[in-house]
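Structural overview
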Amino acid sequence: MARVVVVCKGSVKSGLGHVMRSRTFAKHASRCCEVHLIVIGDHYLDALLSGLVIKHHLFRDEAEAIEAIQQISPDLVFLDMLECSDEFFAVVKRSEATFSLSPIFSHLNKVDLVFHRTSVLNPRWSDEGLTDSLRCGLQYNIIRESCESIPTEVYLQNAQQFPLAVAISMGGTDASNNTLKLLQAIRDIPRPILFWVLLGEGYGHSYEELVEAVKQDTNHEIILAKTSDSMWRIMRNCALAILAGGTVTYESAFAGLPSINLFHSPDNYFLVEELAEKGACLSAGYPMDAAVHVAAANLEFLESNRDLLVQMHTASKDLIDKSGAQRIIAEALNHYWSRQAS
């Protein structure tokens, strides 16, 4: 049985999406491999790892993680992070094969294979010699277990509710407090809206400021929820989500929940371009300070034209399935065994 290490990072800067995705992937990989999940981050990640039955380790920095990886001596290493030091990657590279689950990684051109969740590529990749190592497409999405497809009859009821229920999720840490910027931008929409504001484990800003943003001179309702796995119990009862263009955007497309996505810079738009072209979501563009106002205009329009929400729900059907993790581990193992045979 192959020994597999899945390494991810979670922080105020990078968010929690890498940890959530790696946790899901590690669970699937453990069905056919000996798996260790190594998480590098702060203590607030404990809540995301509690109850996890596979072997897992939480370390505060790369130095501690290096020691653990050396002791495990893995055959395959999967990396899910934005960056790592050259020293850390040198240790990882001693394994038989390395893979990246993240399309934005500082050592992307040094791993054996990159599993990318859309067919749209970063324009820079062709210049970086990544073509042969890429495995791209919606079929490589890793969807967490708690995210389920919303039946059309349920979604039709959601889309007809008054006020419209809208979920807001700007990531597990939301370091720039885009949640507050968004609420301030949408407060002047005249028709009442019910906002479910989903705050992750790492959200460190004032809850009171969020409430005050829509408290005065508005008919909107706001419910704050500190969530991780429970977020999809809430989102499946909404008609629309406003997101930060990350992994939850793809989960929303799988579930059939239309979304409006905001970005800090144009560099990350390619991550949801395919979904937008297929009609499963909208992009409010970038930079964030401008995007929040575009999102507010999109929201106001969709609230008054709910048939468009239903069209987006229909367009997302069958775009993504829940077999992405199994496909990735199967292709990685095939690569590993082929290398062993040669």
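**Description of the nonpolar core**
Ranked by internal contacts, the top residues of the largest apolar core, which has 62 residues, are Ile168, Leu182, Ile186, Met235, Ile242, Leu262 and Leu299. Setting aside anything within four residues of it in sequence, one finds Leu182 in contact with Ile168, Met170, Ile242, Leu262, Val292 and Ala295. Counting residues in each nonpolar core, the second largest holds 35 residues, with Val4, Met20, Tyr44 and Leu76 among its members.

**A closer look at the state of the cysteines**
By definition, a disulfide links two cysteine residues through a covalent bond between their sulfur atoms. Tallied over the entire structure, the rule returns 0 disulfides. In this model Cys32 remains outside any disulfide bridge; the closest cysteine sulfur is found in Cys33, 3.6 Å from its own. For Cys32, a relative accessible area of 36% translates into the label partly exposed. Unpaired in terms of disulfides, Cys136 finds its nearest cysteine sulfur in Cys281, a separation of 18 Å.

**With respect to the packing of aromatic side chains**
The full count for this structure, using the stated rule, is 9 aromatic pairs. Their ring planes at 55 degrees and their centres at 5.7 Å tell us that Phe115 and Tyr140 sit as a pair that is tilted. Of the two residues, Phe115 is situated in strand 6 (residues 113–116) and Tyr140 in the loop between strand 7 (134–136) and helix 5 (152–160); the sequence distance between them amounts to 25 residues. What makes Phe115 buried here is its relative accessible area of 2%. Ring plane angle 55 degrees and centroid distance 5.8 Å describe the contact between Tyr203 and Tyr207, whose orientation is recorded as tilted. Residue Tyr203 is classed as buried on the basis of its relative accessible area of 7%. Through pairs of rings, three or more aromatic residues link up here, namely Phe25, Phe78, Phe99, Phe115 and Tyr140.

**Some thoughts on helix 13 (residues 324–341)**
For an α-helix, 3.6 residues make a turn, and residues three or four places apart therefore share a direction. In this model helix 13 runs 26 Å from its N-terminal to its C-terminal C-alpha over 18 residues, within 8% of the 26 Å that 1.5 Å per residue would give. Among all positions of helix 13, only Gly324, Ala325, Ile328, Ile329, Ala332, Leu333 and Tyr336 are buried. Considered in projection along helix 13, the buried side chains sweep an arc of 160 degrees and stay on one side of the axis. For helix 13, the exposed residues set more than 90 degrees away from the buried face come down to Asn334 and Ala341. Each element contacted by the buried residues of helix 13 is listed here: helix 1 (17–29), strand 4 (76–80), strand 5 (97–100) and strand 6.

**Some remarks on the pattern of salt bridges**
On inspection of all chains with the given rule, the structure shows 17 salt bridges. A salt bridge links Lys27 to Glu145, with the shortest nitrogen-to-oxygen separation between them at 3.9 Å. Residue Lys27 is found in helix 1, and its partner Glu145 is found in the loop between strand 7 and helix 5; the two are separated by 118 residues along the sequence. A residue is classified by how much of its surface remains accessible, and Glu145, at 35% relative accessible area, is partly exposed. Linked by salt bridges that have partners in common, Arg60, Asp61 and Glu64 make up one network.

**Here we look at unusual backbone geometry**
In the segment running from Phe162 into Pro163, the intervening peptide bond is cis, with an omega of 0 degrees. Relative to the elements of secondary structure, Pro163 occurs in the loop between helix 5 and strand 8 (164–169). A cis amide bond links Tyr286 to the next residue, Pro287, at an omega of -5 degrees. Positionally, Pro287 belongs in the loop between strand 13 (281–285) and helix 11 (288–304). Positive phi, normally seen in glycine, also occurs at Ser73, with a value near 55 degrees. Along the chain, Ser73 turns up in the loop between helix 3 (62–72) and strand 4. Taking relative accessible area as the criterion, Ser73 reaches 40% and is therefore assigned partly exposed.

Criteria and cut-off values
- Residues numbered from 1 in each chain as written.
- Predicted model: local features only at pLDDT ≥ 70, side-chain atom pairs only at ≥ 80, totals over all residues.
- Heavy atoms only, no water.
- Core = buried A, V, L, I, M, F, W, Y, C linked by side-chain atoms within 4.5 Å.
- Buried < 20%, exposed > 50% of the residue type's maximum accessible area, 1.4 Å probe, protein only.
- Contact = heavy atoms within 4.5 Å.
- Disulfide = S-S within 2.5 Å.
- Phe/Tyr/Trp six-rings, centres within 6.5 Å; stacked < 30°, edge-to-face > 60°.
- Helix = DSSP H or I, 4+ residues; strand = E, 2+ residues; numbered from the N terminus.
- Expected span 1.5 Å × (residues − 1).
- Arc of directions from axis to C-beta.
- Salt bridge = Lys/Arg side-chain N within 4 Å of Asp/Glu carboxyl O.

Note that all results are geometric; they support no functional claim without further evidence.
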